[in-house]
Amino acid sequence: MRMILIGPPGAGKGTQAANLVKRYQITHISTGDMFRSAVKAGTEFGTQADAYMKAGDLVPDEIVIGMVLERIAQPDCAAGFMLDGFPRTRAQAAALDAALKAAEVGLDAVVLIDVADALIEERITGRRSDPETKTIYHLKYNPPPAEVAGRVVQRKDDTAEACTARLGKYHKETAPVIPFYEEAGLLVRVDGVGAPDEVFVRITTALEALRTQAAT
Ligand code: AMP
(Lines give C-alpha, C1' and ligand atoms only; values in the text may rest on other atoms or scores of the structure.)
Protein backbone atom coordinates (compact mmCIF):
# COMPACT_ATOMS: atom_id res chain seq x y z
CA MET A 1 0.00 0.00 0.00
CA ARG A 2 1.39 3.41 -1.01
CA MET A 3 -0.47 6.33 0.41
CA ILE A 4 -0.35 10.04 1.12
CA LEU A 5 -1.80 11.88 4.10
CA ILE A 6 -2.80 15.49 3.50
CA GLY A 7 -4.46 18.02 5.76
CA PRO A 8 -4.03 21.42 7.35
CA PRO A 9 -1.57 21.81 10.24
CA GLY A 10 -3.11 20.33 13.38
CA ALA A 11 -5.54 18.09 11.46
CA GLY A 12 -4.16 15.03 13.24
CA LYS A 13 -1.91 13.71 10.48
CA GLY A 14 0.85 12.59 12.85
CA THR A 15 -1.55 10.77 15.17
CA GLN A 16 -3.39 9.03 12.33
CA ALA A 17 -0.20 8.20 10.44
CA ALA A 18 1.16 6.33 13.46
CA ASN A 19 -1.99 4.17 13.56
CA LEU A 20 -2.23 3.68 9.81
CA VAL A 21 1.35 2.48 9.33
CA LYS A 22 0.76 -0.10 12.05
CA ARG A 23 -2.49 -1.26 10.46
CA TYR A 24 -1.08 -1.56 6.94
CA GLN A 25 2.51 -2.51 7.91
CA ILE A 26 4.06 0.24 5.81
CA THR A 27 6.94 2.66 6.34
CA HIS A 28 6.08 6.07 7.79
CA ILE A 29 7.79 8.99 6.06
CA SER A 30 7.15 12.33 7.74
CA THR A 31 9.04 15.17 6.08
CA GLY A 32 8.43 17.34 9.18
CA ASP A 33 10.03 14.63 11.39
CA MET A 34 12.95 14.34 8.97
CA PHE A 35 13.56 18.08 9.20
CA ARG A 36 13.18 18.11 13.00
CA SER A 37 15.76 15.30 13.30
CA ALA A 38 18.18 17.25 11.10
CA VAL A 39 17.66 20.37 13.26
CA LYS A 40 18.31 18.33 16.41
CA ALA A 41 21.41 16.77 14.90
CA GLY A 42 22.69 20.29 14.09
CA THR A 43 23.51 19.48 10.46
CA GLU A 44 23.86 22.28 7.90
CA PHE A 45 20.76 20.92 6.21
CA GLY A 46 18.93 21.19 9.55
CA THR A 47 20.09 24.75 10.11
CA GLN A 48 18.75 25.72 6.67
CA ALA A 49 15.38 24.05 7.30
CA ASP A 50 15.04 25.46 10.83
CA ALA A 51 14.68 29.05 9.69
CA TYR A 52 11.79 28.19 7.35
CA MET A 53 10.08 25.99 9.91
CA LYS A 54 10.22 28.52 12.73
CA ALA A 55 8.62 31.12 10.49
CA GLY A 56 5.87 28.71 9.42
CA ASP A 57 7.21 28.79 5.84
CA LEU A 58 7.67 25.82 3.56
CA VAL A 59 11.18 24.49 3.05
CA PRO A 60 12.06 25.07 -0.66
CA ASP A 61 10.96 22.38 -3.13
CA GLU A 62 14.49 21.66 -4.36
CA ILE A 63 15.50 20.56 -0.84
CA VAL A 64 12.35 18.56 -0.01
CA ILE A 65 11.91 16.75 -3.32
CA GLY A 66 15.42 15.27 -3.41
CA MET A 67 15.12 14.17 0.21
CA VAL A 68 11.80 12.35 -0.32
CA LEU A 69 12.66 10.70 -3.64
CA GLU A 70 15.82 9.33 -2.11
CA ARG A 71 13.88 8.06 0.91
CA ILE A 72 11.16 6.22 -1.02
CA ALA A 73 13.80 4.41 -3.07
CA GLN A 74 15.12 2.72 0.11
CA PRO A 75 14.43 -1.02 0.54
CA ASP A 76 12.10 -0.52 3.53
CA CYS A 77 9.68 1.34 1.24
CA ALA A 78 9.42 -1.48 -1.31
CA ALA A 79 6.42 -3.05 0.44
CA GLY A 80 4.65 0.29 0.83
CA PHE A 81 4.89 3.67 2.50
CA MET A 82 2.88 6.51 3.92
CA LEU A 83 3.93 10.03 3.02
CA ASP A 84 2.91 12.35 5.85
CA GLY A 85 3.37 16.03 5.00
CA PHE A 86 4.43 15.50 1.38
CA PRO A 87 3.57 16.67 -1.25
CA ARG A 88 2.79 20.17 -0.08
CA THR A 89 3.11 22.00 -3.41
CA ARG A 90 2.17 21.32 -7.02
CA ALA A 91 5.86 20.96 -7.93
CA GLN A 92 6.30 18.32 -5.21
CA ALA A 93 3.22 16.41 -6.45
CA ALA A 94 4.50 16.52 -10.05
CA ALA A 95 7.98 15.31 -9.01
CA LEU A 96 6.50 12.44 -6.99
CA ASP A 97 4.21 11.45 -9.86
CA ALA A 98 7.14 11.38 -12.31
CA ALA A 99 9.32 9.35 -9.93
CA LEU A 100 6.57 6.77 -9.30
CA LYS A 101 5.86 6.47 -13.02
CA ALA A 102 9.56 5.96 -13.72
CA ALA A 103 9.64 3.23 -11.05
CA GLU A 104 6.45 1.75 -12.59
CA VAL A 105 4.54 1.85 -9.33
CA GLY A 106 1.34 3.68 -8.43
CA LEU A 107 -0.30 5.28 -5.45
CA ASP A 108 -3.21 3.47 -3.81
CA ALA A 109 -4.82 6.35 -1.93
CA VAL A 110 -4.55 9.96 -0.81
CA VAL A 111 -6.26 10.62 2.51
CA LEU A 112 -7.36 14.18 3.16
CA ILE A 113 -8.15 14.94 6.82
CA ASP A 114 -10.51 17.91 6.83
CA VAL A 115 -10.66 20.33 9.78
CA ALA A 116 -12.15 23.85 9.58
CA ASP A 117 -9.75 26.79 9.99
CA ALA A 118 -11.60 28.02 13.07
CA LEU A 119 -10.57 24.92 15.01
CA ILE A 120 -6.93 24.83 13.98
CA GLU A 121 -5.32 27.41 16.26
CA GLU A 122 -6.61 25.83 19.46
CA ARG A 123 -5.53 22.39 18.26
CA ILE A 124 -2.04 23.62 17.39
CA THR A 125 -1.26 25.76 20.42
CA GLY A 126 -2.46 23.07 22.86
CA ARG A 127 -0.44 20.32 21.18
CA ARG A 128 2.37 18.68 23.16
CA SER A 129 4.41 15.54 22.52
CA ASP A 130 6.29 13.07 24.63
CA PRO A 131 9.93 13.09 23.47
CA GLU A 132 10.39 9.51 24.69
CA THR A 133 7.46 7.74 23.04
CA LYS A 134 6.63 10.44 20.44
CA THR A 135 2.98 10.21 21.51
CA ILE A 136 1.04 13.38 20.65
CA TYR A 137 -1.25 14.91 23.29
CA HIS A 138 -3.48 17.98 23.60
CA LEU A 139 -3.59 19.89 26.87
CA LYS A 140 -7.38 20.12 26.78
CA TYR A 141 -8.67 17.31 24.53
CA ASN A 142 -6.18 14.52 25.21
CA PRO A 143 -4.10 15.54 28.24
CA PRO A 144 -0.90 13.62 28.97
CA PRO A 145 -1.09 11.25 31.97
CA ALA A 146 0.53 12.51 35.21
CA GLU A 147 3.69 10.42 34.77
CA VAL A 148 4.27 11.94 31.32
CA ALA A 149 3.04 15.52 31.93
CA GLY A 150 6.39 16.72 33.31
CA ARG A 151 8.35 15.84 30.20
CA VAL A 152 6.06 16.83 27.31
CA VAL A 153 7.38 19.43 24.88
CA GLN A 154 5.87 21.93 22.47
CA ARG A 155 7.03 22.22 18.86
CA LYS A 156 8.75 25.54 18.12
CA ASP A 157 6.36 26.19 15.23
CA ASP A 158 3.23 25.50 17.29
CA THR A 159 2.81 29.17 18.27
CA ALA A 160 -0.27 31.20 17.26
CA GLU A 161 1.85 33.31 14.92
CA ALA A 162 3.51 30.44 13.06
CA CYS A 163 0.13 28.66 12.96
CA THR A 164 -1.43 31.54 10.98
CA ALA A 165 1.47 31.44 8.52
CA ARG A 166 1.28 27.63 8.16
CA LEU A 167 -2.46 27.72 7.57
CA GLY A 168 -2.00 30.42 4.92
CA LYS A 169 0.63 28.26 3.17
CA TYR A 170 -1.68 25.27 3.33
CA HIS A 171 -4.48 27.08 1.49
CA LYS A 172 -2.20 28.76 -1.02
CA GLU A 173 0.27 25.96 -1.80
CA THR A 174 -1.07 22.60 -0.63
CA ALA A 175 -4.84 22.73 -1.21
CA PRO A 176 -4.23 23.13 -4.99
CA VAL A 177 -2.72 19.62 -5.17
CA ILE A 178 -6.00 18.05 -3.97
CA PRO A 179 -7.87 18.24 -7.33
CA PHE A 180 -4.94 16.46 -8.98
CA TYR A 181 -5.54 13.38 -6.80
CA GLU A 182 -9.32 13.74 -6.92
CA GLU A 183 -9.25 13.54 -10.72
CA ALA A 184 -7.06 10.45 -10.48
CA GLY A 185 -9.77 8.78 -8.34
CA LEU A 186 -7.40 8.39 -5.39
CA LEU A 187 -8.81 10.91 -2.93
CA VAL A 188 -10.45 9.87 0.31
CA ARG A 189 -11.86 12.86 2.21
CA VAL A 190 -12.43 12.33 5.93
CA ASP A 191 -13.86 14.58 8.64
CA GLY A 192 -11.01 15.12 11.13
CA VAL A 193 -13.20 16.41 13.96
CA GLY A 194 -13.74 13.94 16.78
CA ALA A 195 -11.75 11.56 18.94
CA PRO A 196 -8.62 10.12 17.24
CA ASP A 197 -10.10 6.59 17.36
CA GLU A 198 -13.28 7.74 15.62
CA VAL A 199 -11.28 9.50 12.90
CA PHE A 200 -9.17 6.36 12.45
CA VAL A 201 -12.28 4.26 11.87
CA ARG A 202 -13.54 6.81 9.34
CA ILE A 203 -10.24 6.63 7.46
CA THR A 204 -9.96 2.84 7.37
CA THR A 205 -13.63 2.48 6.36
CA ALA A 206 -13.14 4.96 3.52
CA LEU A 207 -9.92 3.23 2.43
CA GLU A 208 -11.65 -0.16 2.31
CA ALA A 209 -14.46 1.36 0.22
CA LEU A 210 -11.89 2.80 -2.20
CA ARG A 211 -10.15 -0.60 -2.47
CA THR A 212 -13.43 -2.39 -3.14
CA GLN A 213 -14.31 0.21 -5.75
CA ALA A 214 -10.89 -0.17 -7.42
CA ALA A 215 -11.28 -3.96 -7.50
CA THR A 216 -14.66 -3.86 -9.29
P1 AMP B 1 4.86 19.07 9.74
O2 AMP B 1 5.49 18.33 10.85
O3 AMP B 1 4.41 18.20 8.60
O4 AMP B 1 3.78 20.02 10.20
O5 AMP B 1 6.03 20.00 9.10
C6 AMP B 1 6.68 20.99 9.88
C7 AMP B 1 7.37 21.98 8.97
O8 AMP B 1 8.38 21.32 8.18
C9 AMP B 1 6.50 22.68 7.94
O10 AMP B 1 5.81 23.79 8.49
C11 AMP B 1 7.53 23.11 6.91
O12 AMP B 1 8.30 24.22 7.35
C13 AMP B 1 8.46 21.90 6.89
N14 AMP B 1 7.98 20.90 5.89
C15 AMP B 1 7.53 19.65 6.17
N16 AMP B 1 7.18 19.02 5.04
C17 AMP B 1 7.39 19.87 4.03
C18 AMP B 1 7.20 19.83 2.61
N19 AMP B 1 6.68 18.74 2.02
N20 AMP B 1 7.52 20.92 1.89
C21 AMP B 1 8.04 22.02 2.47
N22 AMP B 1 8.23 22.15 3.79
C23 AMP B 1 7.92 21.09 4.58
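### Some thoughts on the site of the ligand
Then step 1. Around the ligand, 16 residues are found, and the nearest of them are Thr 31, Arg 36, Asp 57, Gly 85 and Arg 88.
Then step 2. Interatomic distance of 3.0 Å between a backbone N/O atom of Val 59 and a nitrogen atom of the ligand.
Then step 3. Arg 88 is positioned with one of its side-chain polar atoms (N or O) 2.9 Å from a nitrogen atom of the ligand.
Then step 4. Protein chains shield 96% of the accessible area of the ligand, which is 480 Å² for the free molecule.
Then step 5. If you tally residues by element for the shell around the ligand, the top one is helix α2 (residues 31-41), at four residues.
Then step 6. For the shell around the ligand, the class distribution of residues is six nonpolar, four polar and six charged.

### A few points about the pairing of strand β4 (residues 109-114)
Then step 1. With five of six residues buried, β4 lies mostly within the body of the structure.
Then step 2. By the bridge criterion, four bridges tie strand β1 (residues 2-6) to β4 in an arrangement that is parallel. Across the sheet, Ile 6 pairs through a bridge with Leu 112, a residue of β4.
Then step 3. Two elements, β4 and strand β7 (residues 187-191), share five bridges in a ladder whose sense is parallel.

### Here we look at helix α4 (residues 61-72)
Then step 1. Its 12 residues give α4 an end-to-end C-alpha distance of 16 Å, which sits within 8% of 16 Å, the value for a rise of 1.5 Å per residue.
Then step 2. Listed as buried for α4 are Ile 63, Val 64, Ile 65, Met 67, Val 68 and Ile 72.
Then step 3. Check the buried side of α4 and you find it contacts β2 (27-30), α2, α3 (44-55), β3 (81-84) and α5 (90-102).

### Looking at the packing of α2 against α3
Then step 1. Between α2 and α3, the shortest axis-to-axis distance is 8 Å and the interhelical angle comes to 120°. As the angle between them shows, α2 and α3 are arranged oblique. When the axes of α2 and α3 are compared, the crossing they make is left-handed. Residues Gly 32, Phe 35, Arg 36, Ala 38 and Val 39 of α2 touch α3, and the partners they reach there are Phe 45, Gly 46, Ala 49, Asp 50 and Met 53.
Then step 2. Residue composition of the contact of α2 with α3, by class: six nonpolar, two polar and two charged.

Quick notes on the rules
- Residues numbered from 1 in each chain as written.
- Predicted model: local features only at pLDDT ≥ 70, side-chain atom pairs only at ≥ 80, totals over all residues.
- Heavy atoms only, no water.
- Near = heavy atom within 4 Å.
- Polar contact = N/O pair within 3.5 Å; in protein donor to acceptor, adjacent residues only side chain to side chain.
- Areas by Shrake-Rupley, 256 points an atom, 1.4 Å probe, with all protein chains shown as cover.
- Helix = DSSP H or I, 4+ residues; strand = E, 2+ residues; numbered from the N terminus.
- Nonpolar A, V, L, I, M, F, W, Y, C, P; charged D, E, K, R; others polar.
- Buried < 20%, exposed > 50% of the residue type's maximum accessible area, 1.4 Å probe, protein only.
- Pairing = 2+ DSSP bridges.
- Expected span 1.5 Å × (residues − 1).
- Contact = heavy atoms within 4.5 Å.
- Axes fitted to C-alpha atoms, helices over the stretch in contact; angles between N-to-C directions.
- Parallel < 35°, antiparallel > 145°, perpendicular 65-115°, else oblique.
- Left-handed = near helix turned anticlockwise from the far one by under 90°.

No statement about biological role is implied by the geometric values presented.
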